[in-house]
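A structural walkthrough
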Amino acid sequence: MNNTGQSVKSIYLPATITIRDLAKVIDVSPIDVIKKLMANGVMANINQQIDFDTAAIVAAEMGYEASLEIEELEKKQDFGEIPLWRQIILSEDSSQLTNRPPVVTILGHVDHGKTTLLDAIRNTNVAGEEAGGITQHIGAYQIEHDGRLITFLDTPGHAAFTAMRARGAQGADVVVLVVAADDGVMPQTKEAAAHAKAAHVPIIVALNKIDKPNADVDRVKQQLAEIGLVPDEWDGDTIVVPISAKQKKGLEDLMEAILLVADNMDIKANPHGKIIGTVIEARIDRAKGVQATLLVQNGTLEVGDVVIAGTSYGKLKAMFDHTGKKVRKAGPSSPVSVMGLNDVPHAGEMFEVVESEKDARARILARSQSQQTTDAGTKKPITLEQLFDRFQAGDVRELRLIIKADVQGSLEPIVSSLKELSEGDIAVNILHAETGNISENDVMLASASNAVIIGFNVQADSAVKHMAEAEGVSIRLYDIIYRLTEDVEKALKGMLEPEEKEVILGHAEVRAVFHISKVGNIAGSYVTDGEIRRNARIRVLRKGETVGVGAISSLKHLTEDVREIKQGYECGIAVKGFDAFEKGDILECFAIEKAIVNKDIF
C-alpha cells in the first residue's frame with residue numbers, strides 16, 4: 001500500500017527508457033508522464049531517454065514500485081563471484097528460507113563414464129539412446145536418496161561442448177568430476193576442473209572404472225593433487241570416491257558425499273519468493289512448439305505463470321517433470337520441461353516470472369532497445385591495460401589468467417613468477433596452465449571466466465583469433481618471460497600503457513608521377529581496396545619491399561583537398577619526407593591505434 005491506500009504494483013525497468021516506453025509499462029498516457037516529469041523539474045519529449053532513478057520516481061507517483069531489471073544487475077556483478085540468482089536468494093526474507101535439494105553437475109573427459117554414472121544412478125538407459133554413446137545435449141534429472149532429493153545436470157564432456165560445460169558449472173551447487181581410474185587426468189579433465197574452480201563450486205571426484213584390471217588409483221590421486229585437487233585422505237579438501245558406474249559400485253558413497261558437501265554449504269531458497277531460475281536447454285518441437293527445460297532456483301513456478309527469458313516470453317501452458325509426468329508446480333532446484341514460450345530462449349539465460357503478458361511485452365521492448373547498444377546478457381570484458389581502473393571502480397577483485405606455454409620447463413617458472421605477484425591488492429588467479437598452442441577451448445574458458453589468455457612461445461591460429469574476437473577475449477603472446485611478468489606486474493599497479501597496434505586502412509596503386517614545384521613529386525594513384533585517409537601514414541612498397549614511410553602531407557581528388565578517398569577512385573598523394581615514387585608502386589595506408597579494446601589480439 002502507498003500513502004493513499006492504493007496497492008503498489010512491482011515493475012522492472014532497464015537502466016534507461018524512453019518516455020513512450022515508460023508510459024506503456026505503467027499503462028498511462030505519455031502526456032501524464034511528461035506532466036509528472038515537469039512537476040519534478042525535468043523537461044522531456046516523448047522520445048527522450050531518462051535514467052532508471054528518474055523513471056522510478058515517476059512510477060512511484062503513479063502507484064508502481066520500480067526495480068532495476070535482472071539484466072542490468074547482471075552487468076554490474078563481478079563474474080565468477082556470487083552468481084546473480086544466489087544474490088537474489090540472499091536478499092530474500094531469511095525467515096522464509098528453507099532447505100532445497102542440491103544441484104549437481106557431472107563433468108569430465110569424454111568417455112570417462114559421466115552418462116553411464118547417471119544411468120546407474122537413475123536406472124535408465126540414456127547412454128544407449130545417444131549417438132555413439134556420447135551425450136549430445138544438457139539434461140536435467142532428479143533422484144531421491146535416503147528420503148532427500150538431488151538434482152543432476154548432465155553436461156557433455158566432449159571438447160566441442162566446452163561452453164555448455166561452463167554453463168553447467170555456473171548453475172550448480174556441487175560438481176562431480178568423473179575421472180577414469182585407468183586413463184587418469186586428461187586435458188578435458190583439467191578444463192572441467194578449471195570451470196568449476198572459476199565458478200567457485202566445490203568439487204567431488206568420482207574415480208570411475210575401478211573394476212578395470214589396469215586401474216591405478218594411487219597414480220590418479222597423484223595426478224589430481226598436481227592440478228590442485230588434493231584428496232582428503234592426503235590432508236586435502238577434495239573428496240575422492242572410488243566407483244564403478246558399470247557395476248554400480250560405490251554409488252551409495254558418492255550420494256553420501258554429495259549430501260555431506262551440500263549440508264556444509266547451507267543450500268536454501270524461498271519457495272514463496274521471487275520466481276527465478278536458469279534455462280538449461282530449449283528447442284522447437286514440430287508438434288508441440290517451443291519446449292524449454294528450466295531449473296527453478298527460487299520461488300515456485302506454476303502452470304499459467306508468465307515467464308520471460310531474454311527476449312522470449314509466454315504464459316506456461318504445461319509443465320512436465322524429468323520423467324515426462326505432467327505437473328502443475330515446481331519448487332526450488334526442480335527441473336521442468338515447459339510449453340508456452342513464443343520463441344526459443346538461449347541456454348544459460350536467467351528466467352523470471354512477471355505479472356502479465358502485457359508487462360512481458362513492454363519489458364522486452366525496452367530490453368530490445370537496450371540491446372541495440374549493448375547485449376544485455378554480456379559481461380564486461382577485461383584487458384591488462386584496463387585492470388587497475390576496473391579494480392579502483394570496484395568492478396574486479398582479481399586478475400584471472402589462462403597460461404599456455406611451449407614446454408613444461410617454461411610453464412613452471414611462469415606460473416611460479418605470476419603467483420608471487422599476487423601479494424598486492426589485486427590477486428592473480430591462474431585458472432588453467434598447460435603446454436601447447438592456444439585452442440578454442442581456452443577461449444571458451446576465458447570467455448566463461450572473464451580471463452585473459454597469456455601465451456609463451458605458442459601460437460593462436462586464425463580460427464582461435466576469430467573466436468576470441470567474437471567472445472571478447474584478450475590474448476597476449478610473448479617470447480621473453482621477463483616481459484610477460486613485467487606486463488602483468490605493471491597491470492596490477494595500473495602502470496601498463498596501452499600497446500600500439502598498426503591497422504591497415506587500404507591500398508592504392510601509383511599509375512602516374514607528377515612533379516609540382518615547391519612541393520615535389522605527387523603520386524597519381526588509384527585506390528584498389530579500403531580507403532586512404534588524410535591523417536594516416538603511407539608505406540611505399542616496391543616489388544614487395546618497403547622503400548619509404550611517412551605521413552600524408554597532401555591528399556587531393558582532382559583539384560580538391562579531401563579528408564579521405566575510397567576504393568575505386570583516383571587521387572593525388574604527397575608523402576612527407578618521400579617523393580621518389582615510381583609507376584607501379586603500392587601505397588599502403590595505415591594508422592597507429594592504442595590497443596585498449598578487449599577484442600584486440602596482441
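This text follows the structure it describes.
What counts as what
- Residues numbered from 1 in each chain as written.
- Predicted model: local features only at pLDDT ≥ 70, side-chain atom pairs only at ≥ 80, totals over all residues.
- Heavy atoms only, no water.
- Pairing = 2+ DSSP bridges.
- Helix = DSSP H or I, 4+ residues; strand = E, 2+ residues; numbered from the N terminus.
- Core = buried A, V, L, I, M, F, W, Y, C linked by side-chain atoms within 4.5 Å.
- Buried < 20%, exposed > 50% of the residue type's maximum accessible area, 1.4 Å probe, protein only.
- Contact = heavy atoms within 4.5 Å.
- Right-handed = clockwise from strand over helix to strand, strands pointing away.
- Phe/Tyr/Trp six-rings, centres within 6.5 Å; stacked < 30°, edge-to-face > 60°.
- Lys NZ or Arg CZ within 6 Å of the ring centre and 35° of its normal.
- Axes fitted to C-alpha atoms, helices over the stretch in contact; angles between N-to-C directions.

Let us now look at the sheet that holds strand β22 (residues 350-354). The antiparallel open sheet is built from 8 strands, whose spatial order is β17-β16-β22-β13-β14-β21-β18-β19. Across the chains shown, the open sheet's two edge strands, defined by having one partner strand only, are β17 (312-315) and β19 (326-327). Where strand β14 (residues 289-298) and strand β21 (residues 335-339) come together, 5 bridges link them in antiparallel fashion. Of the residues in β21, the one forming a bridge with Q291 is M339.

Our focus in this paragraph is the nonpolar core. Formed by 25 residues in total, the largest nonpolar core has its most connected members in L117, F152, V176, L254 and I258. Of all elements in the fold, only β6 (103-108), α6 (114-122), β7 (139-145), β8 (148-154), β9 (174-180), β10 (203-208) and α11 (251-265) reach the threshold of two or more residues within this core. The dominant element in this core, judged by the number of residues it contributes, is α11, at 7 residues. Those residues in contact with I258 that sit more than four places away from it in its chain are P102, V104, I150, F152, V176 and I204. I19, A55, A56 and A366 belong to the second-largest nonpolar core, a separate cluster that totals 22 residues.

What follows deals with the pairing of strand β11 (residues 239-242). Residues in a regular strand project their side chains so that they alternate between the two faces of the sheet. Of the pairings in the sheet, the one linking β10 to β11 comprises 4 bridges and is parallel in character. Counterpart to I204 in the pairing with β11 is I239. As a crossover connection, the stretch from β10 through helix α10 (residues 217-226) into β11 is right-handed.

Turning next to the packing of aromatic side chains. The geometry of an aromatic ring pair is captured by two quantities: the separation of the ring centres and the angle between the planes. Within this structure, the stated rule accounts for 1 aromatic pair. Consider the rings of F578 and F581, whose centres lie 5.3 Å apart with planes at 80°: the pair is edge-to-face. Using a relative accessible area of 13% as the deciding quantity, one classes F578 as buried. Over the ring of F590 we find R539, and its NZ or CZ is 4.3 Å from the ring centre.

Right, let's talk about the sheet that holds strand β23 (residues 398-405) for a bit. Taken in spatial order, the 4 strands of this open sheet run β24-β23-β25-β26, and their pairing is parallel. Single-partner strands in this sheet number two, and they are β24 (427-435) and β26 (475-478). Each adjacent strand pair in this sheet contributes to an overall mean axis angle of 20°, direction not counted. Taken together, the 4 bridges between strand β25 (residues 452-456) and β26 define a ladder with parallel strand orientation. Of the residues in β26, the one forming a bridge with F456 is Y478.

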